[in-house]
2 protein chains.
Amino acid sequence: MTNPASKPASKPAVPAPAPRSRSKRSGSQLTPEAIVQASLRIAARGSSDAFTVRRLGEELGADPTAVYRHFRDKDELLLEVADRTLGEVLDSIRPGLGWQDRIRALADGSLAVALKYPAVASAMASRTTRRANEFRVVELILGAVTEAGLRGAEAAVHYRMVGDSLLALVGQRAAYLLFSAEARAADESAWSREYRLVDPQAFPQITAVAEELAGVTQDAVYQARVEALITAIETSVAQHR
Amino acid sequence: MTNPASKPASKPAVPAPAPRSRSKRSGSQLTPEAIVQASLRIAARGSSDAFTVRRLGEELGADPTAVYRHFRDKDELLLEVADRTLGEVLDSIRPGLGWQDRIRALADGSLAVALKYPAVASAMASRTTRRANEFRVVELILGAVTEAGLRGAEAAVHYRMVGDSLLALVGQRAAYLLFSAEARAADESAWSREYRLVDPQAFPQITAVAEELAGVTQDAVYQARVEALITAIETSVAQHR
DNA sequence: ACCTGAACACCGTTCAAGT
DNA sequence: ACCTGAACACCGTTCAAGT
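Residues numbered from 1 in each chain as written. Chains lettered and ligands numbered in written order. Predicted model: local features only at pLDDT ≥ 70, side-chain atom pairs only at ≥ 80, totals over all residues. Heavy atoms only, no water.

A. Up close: the overall build of chain A. Helix and strand content of chain A: ten helices and zero strands. The N-to-C order of helical and strand elements in chain A reads α-α-α-α-α-α-α-α-α-α. When each of the 241 residues of chain A is scored for burial, the buried share is 49%. When contacts within chain A are restricted to residue pairs at least 6 apart in sequence, long-range pairs at least 24 apart make up 71% of them. Of the roughly 12,200 Å² of accessible surface on chain A, a fraction of 52% belongs to carbon and sulfur atoms. (Helix = DSSP H or I, 4+ residues; strand = E, 2+ residues; numbered from the N terminus. Buried < 20%, exposed > 50% of the residue type's maximum accessible area, 1.4 Å probe, protein only. Contact = heavy atoms within 4.5 Å. Areas by Shrake-Rupley, 256 points an atom, 1.4 Å probe, with all protein chains shown as cover.)

Printed below as a string of structure tokens:
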């Protein structure tokens with residue numbers, strides 16, 4: 001209902017009268033769907049292939065500017081692509097879970113999809129698609145906080161807490177994946193080396209846990225952040241009882 | 001001091017012995033400090049002035065490429081500028097607070113500074129400066145989680161949870177501030193209008209709290225996210241007792 | 001109706017040339 | 001030793017021209 005590619009390939013099995021002359025010239029023949037699919041392929045290549053409209057034209061075998069006949073600008077295309085990836089997230093969540101596990105599954109699925117299409121997740125960290133699948137995600141989170149026991153304004157603000165936090169969390173991970181190997185190496189050396197060489201007088205706390213700081217994994221931080229959201233909901237429920 | 005025409009008509013009344021020949025030609029005479037200060041001025045102008053090296057050259061009254069004599073690339077300059085803004089955050093935290101209020105003060109200060117220099121906060125949401133003031137922030141957060149009662153690996157992972165979450169939170173708010181007015185309006189209309197027009201059959205949860213969703217303020221979400229971090233630390237302390 | 005391709009107004013960065 | 005300015009390799013987007 002909300003998807004723009006609403007033309008349903010409606011020609012049935014009966015032989016089409018004219019084979020729709022299309023391979024004539026440059027073979028392009030664009031559709032919004034083809035553009036979205038090409039965008040997803042490029043985004044899935046991660047840092048090895050930038051998601052630019054010129055690269056997109058190449059992938060489509062068309063002039064770079066041809067996409068402007070189907071999308072107002074690159075941002076509108078990005079919103080559509082992002083909503084498509086949200087569909088992948090939703091499809092990955094199996095039914096029948098309790099509210100805590102539903103949030104965990106949403107977080108896990110979001111992270112997996114964000115790492116699959118890092119350019120999309122990184123660009124969407126502060127955005128809202130306002131498209132079909134986003135409404136489904138909102139419904140999912142609201143269902144979870146309601147099942148937990150929150151109502152009204154309390155449910156609304158906790159939905160926003162969860163939604164914004166997950167978006168930021170997976171956006172951060174995706175952006176990290178897009179960094180140059182050099183920048184990532186510098187970042188990791190901070191934890192593994194620089195924090196061990198700090199002045200113990202000036203930084204006693206860092207000195208005390210320098211070893212443990214180097215051992216913290218991204219997955220441990222991810223899990224702590226997701227569990228913090230769940231705990232916050234539980235705490236709010238307990239307070240409003 | 002803020003005007004770009006920095007030629008100060010500097011010949012004083014009394015003839016200085018050797019006036020350190022500098023105002024000779026183009027009057028630029030760059031230093032790393034002057035470049036950082038100019039960057040902060042530009043960043044403080046928000047979305048009305050993009051933080052580009054060409055704009056920076058203009059602000060300095062020098063050729064845009066002159067900054068490359070003092071910083072390896074734009075990223076290194078950004079890291080230096082970001083660490084400077086971290087100093088502003090630290091200066092805003094008054095001493096003598098308990099660990100919870102220390103985290104709240106850090107969050108409040110970070111938000112204020114992020115909204116003051118949105119281009120910097122937005123670019124740093126997934127980064128680490130590895131510079132002096134960042135070490136001070138790490139020490140502050142570690143001190144808070146230690147005072148709360150966490151030790152070793154548990155303290156380390158909770159430090160990362162707090163640090164990464166605050167970075168993401170204020171980065172999101174800063175990025176939102178940089179959006180075009182048009183994009184912001186579209187975002188707000190989602191909450192105030194589109195969510196009220198949703199199909200009640202397909203989206204019962206959204207329908208139930210559509211009114212409250214429109215009423216959620218950014219400040220309420222911000223507070224919920226900060227309190228979630230504090231609650232997570234308290235919960236972890238209670239569990240490990 | 002849709003695609004092409006030149007063109008525009010930007011980016012960050014390099015490098016030979018100036019002083 | 002430091003700054004300049006042309007130049008390069010990119011961006012997203014517009015628009016007249018093609019078919």
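That covers the picture; the talk isn't over yet.
B. Examining the packing of aromatic side chains more closely. Counted by the stated rule, this structure contains ten aromatic pairs over all chains. Consider the rings of Tyr159 of chain A and Trp191 of chain B, whose centres lie 6.0 Å apart with planes at 55 degrees: the pair is tilted. Residue Tyr159 of chain A is located in helix α7 (residues 152-178), and its partner Trp191 of chain B is located in helix α8 (residues 181-192); the two belong to separate chains. The class of Tyr159 of chain A is buried, set by a relative accessible area of 8%. One aromatic cluster is present, built from ring pairs that chain together Phe135 and Tyr159 of chain A together with Trp191, Tyr195 and Phe203 of chain B. The ring of Trp191 of chain B has Arg160 of chain A lying over it, and the distance from NZ or CZ to the ring centre is 4.7 Å. Its guanidinium or amino end placed over the ring of Phe51 of chain B, Lys74 of chain B lies 5.1 Å from that ring's centre, counting from NZ or CZ. (Phe/Tyr/Trp six-rings, centres within 6.5 Å; stacked < 30°, edge-to-face > 60°. Lys NZ or Arg CZ within 6 Å of the ring centre and 35° of its normal.)

C. The arrangement of the protein's contact with DNA strand D in detail. Taken together, 20 residues lie near DNA strand D, and Arg54, Tyr68 and Lys74 of chain A together with Asp63 and Thr65 of chain B sit nearest. Within 4 Å of the protein, atoms of DNA strand D come from sugar and phosphate in 48% of cases. Between DNA strand D and the protein, one listed contact pairs a phosphate oxygen with a backbone N or O atom of Val53 of chain A at 3.1 Å. For DNA strand D, a phosphate oxygen lies 2.6 Å from a polar atom in the side chain of Tyr68 of chain A. Considered class by class, the residues forming the surface near DNA strand D number six nonpolar, seven polar and seven charged. (Near = heavy atom within 4 Å. Polar contact = N/O pair within 3.5 Å; in protein donor to acceptor, adjacent residues only side chain to side chain. Nonpolar A, V, L, I, M, F, W, Y, C, P; charged D, E, K, R; others polar.)

D. Representation of the protein's contact with DNA strand C. Around DNA strand C, the surrounding shell holds 21 residues, and the nearest of these are Asp63 of chain A together with Arg54, Thr65, Tyr68 and Lys74 of chain B. Here, DNA strand C places atoms within 4 Å of the protein, and 50% of those atoms are sugar or phosphate. Classifying every residue of the surface near DNA strand C by side-chain character gives six nonpolar, seven polar and eight charged.

E. Looking closely at the relation of the copies chain A and chain B. Superposition of chain A onto chain B requires a rotation of 180 degrees combined with a translation of 0.0 Å along the rotation axis, giving an RMSD of 0.0 Å. When the rotation and shift are considered jointly, the pair of chain copies conforms to a two-fold rotation axis. Most of the interface of chain A is mirrored in chain B: 100% of its interface residues are interface residues there too. (Least-squares fit on C-alpha atoms with pLDDT ≥ 70 in both.)

F. Representation of the pattern of salt bridges in the model. Inspection of the entire model under this criterion finds 42 salt bridges over all chains. Of the charged contacts, one joins Glu147 of chain A and Arg102 of chain A as a salt bridge, the two residues approaching to 3.0 Å between their closest N and O atoms. Remark: Arg102 of chain A occurs in helix α4 (residues 99-116) and Glu147 of chain A occurs in helix α6 (residues 132-148); sequence separation between them is 45 residues. With relative accessibility at 45%, the residue Glu147 of chain A sits in the partly exposed group. With a shortest N-O distance of 2.7 Å, Glu59 of chain B and Arg41 of chain B are connected by a salt bridge. Linking Glu59 of chain B in helix α2 (residues 53-60) with Arg41 of chain B in helix α1 (residues 32-43), this pair joins segments that are 18 residues apart in sequence. Take Glu59 of chain B: its relative accessible area is 4%, and that puts it in the buried class. A single network of salt bridges, built from pairs that share partners, joins Arg41, Arg45, Asp49, Arg55, Glu58 and Glu59 of chain A. (Salt bridge = Lys/Arg side-chain N within 4 Å of Asp/Glu carboxyl O.)

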